[in-house]
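Summary of the model geometry
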Amino acid sequence: QVQLVEFGGGLVQPGGTLRLSCAATTRTLRLERMGWYRQAPGKQRELVAWITSGGSTNLPDSMKGRCFISRDGAKNTVELQIDSLAPEDTAVYYCYAWDPQNTGSAGVWGRGTQVTVSS
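Summarised in this report is the structure supplied together with it. The structure displayed is predicted, hence computed values, not measured ones.

With that settled, consider the overall build of the protein. Along its length, the protein carries 0 helices and 11 strands. Going from N to C terminus, the protein has its helices and strands arranged as β-β-β-β-β-β-β-β-β-β-β. Against the compact-globule benchmark of 14 Å for 119 residues, the protein has a radius of gyration of 14 Å, which places it among compact chains. Dimensions of the protein, computed from the C-alpha atoms along their principal axes, are close to 45 × 25 × 20 Å. Here the protein holds 119 residues, and the buried ones make up 45% of them. When contacts within the protein are restricted to residue pairs at least 6 apart in sequence, long-range pairs at least 24 apart make up 54% of them. As displayed, the protein offers around 6400 Å² of accessible surface, 46% of which is attributable to carbon and sulfur atoms. Across the protein, the centroid of the 12 positively charged side chains sits 3 Å from that of the 10 negatively charged ones.

See the structure below:
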């Protein structure tokens, strides 16, 4: 069973930069897609960004221009950077991975890391 471990988060000042990283507990199993979702209080979980093993990315329009995602395929790690943070970015951020052969159709989720944007 693949597991994901998130690093980073905490309190960040408005206008600052958030950096999160996530590592899968396996380096040998292929993970086609890795990425991040977030869930703010009282809201549904939403996509932040994901990246495929080939480097293709998917970000909602609201994140384009200030959100950057990268991965190390050999290590099965994924990094997220969000610039120009605002209080609306406050949420629990979840790492996510999916592969048709190695995670099942639902994929796997990390436990989440709290990000609070406040002065």
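Now, onward.
What follows deals with the sheet that holds strand β7 (residues 67–72). Strands sit in the order β1-β3-β8-β7 across an open sheet of 4 strands; the sheet is antiparallel. The open sheet has two free edges, formed respectively by β1 (4–8) and β7, since each of these has just one partner strand. Averaged over all pairs of adjacent strands, the angle between strand axes in this sheet comes to 15 degrees, irrespective of strand direction. Pairing analysis gives 6 bridges linking β7 to strand β8 (residues 77–82), with the strands arranged antiparallel. Residue pairing in the sheet places Cys 67 in a bridge with Ile 82 of β8.

Any covalent bond linking the sulfur atoms of two cysteines counts as a disulfide. Per the counting criterion, the structure on display carries 1 disulfide. Take Cys 67: it sits in no disulfide, and the sulfur closest to it among the cysteines is that of Cys 95, at 13 Å. You can call Cys 67 buried: its relative accessible area is 6%.

The next point concerns the side chain of Thr 90. Its location among the elements puts Thr 90 in the loop between β8 and β9 (91–98). Of the polar contacts made by the side chain of Thr 90, one reaches the backbone oxygen of Pro 87; its length is 3.0 Å. Those residues in contact with Thr 90, other than ones at most four positions away along the chain, are Ala 40, Pro 41, Gln 114, Val 115, Thr 116 and Val 117.

So, how was this worked out
- Residues numbered from 1 in each chain as written.
- Predicted model: local features only at pLDDT ≥ 70, side-chain atom pairs only at ≥ 80, totals over all residues.
- Heavy atoms only, no water.
- Helix = DSSP H or I, 4+ residues; strand = E, 2+ residues; numbered from the N terminus.
- Rg over C-alpha atoms; globule rule 2.2 N^0.38 Å.
- Buried < 20%, exposed > 50% of the residue type's maximum accessible area, 1.4 Å probe, protein only.
- Contact = heavy atoms within 4.5 Å.
- Areas by Shrake-Rupley, 256 points an atom, 1.4 Å probe, with all protein chains shown as cover.
- Lys, Arg positive; Asp, Glu negative; His and termini not counted.
- Charge placed at Lys NZ, Arg CZ, Asp CG, Glu CD.
- Pairing = 2+ DSSP bridges.
- Axes fitted to C-alpha atoms, helices over the stretch in contact; angles between N-to-C directions.
- Disulfide = S-S within 2.5 Å.
- Polar contact = N/O pair within 3.5 Å; in protein donor to acceptor, adjacent residues only side chain to side chain.

Geometric descriptors of this kind do not, in isolation, establish any biological role.
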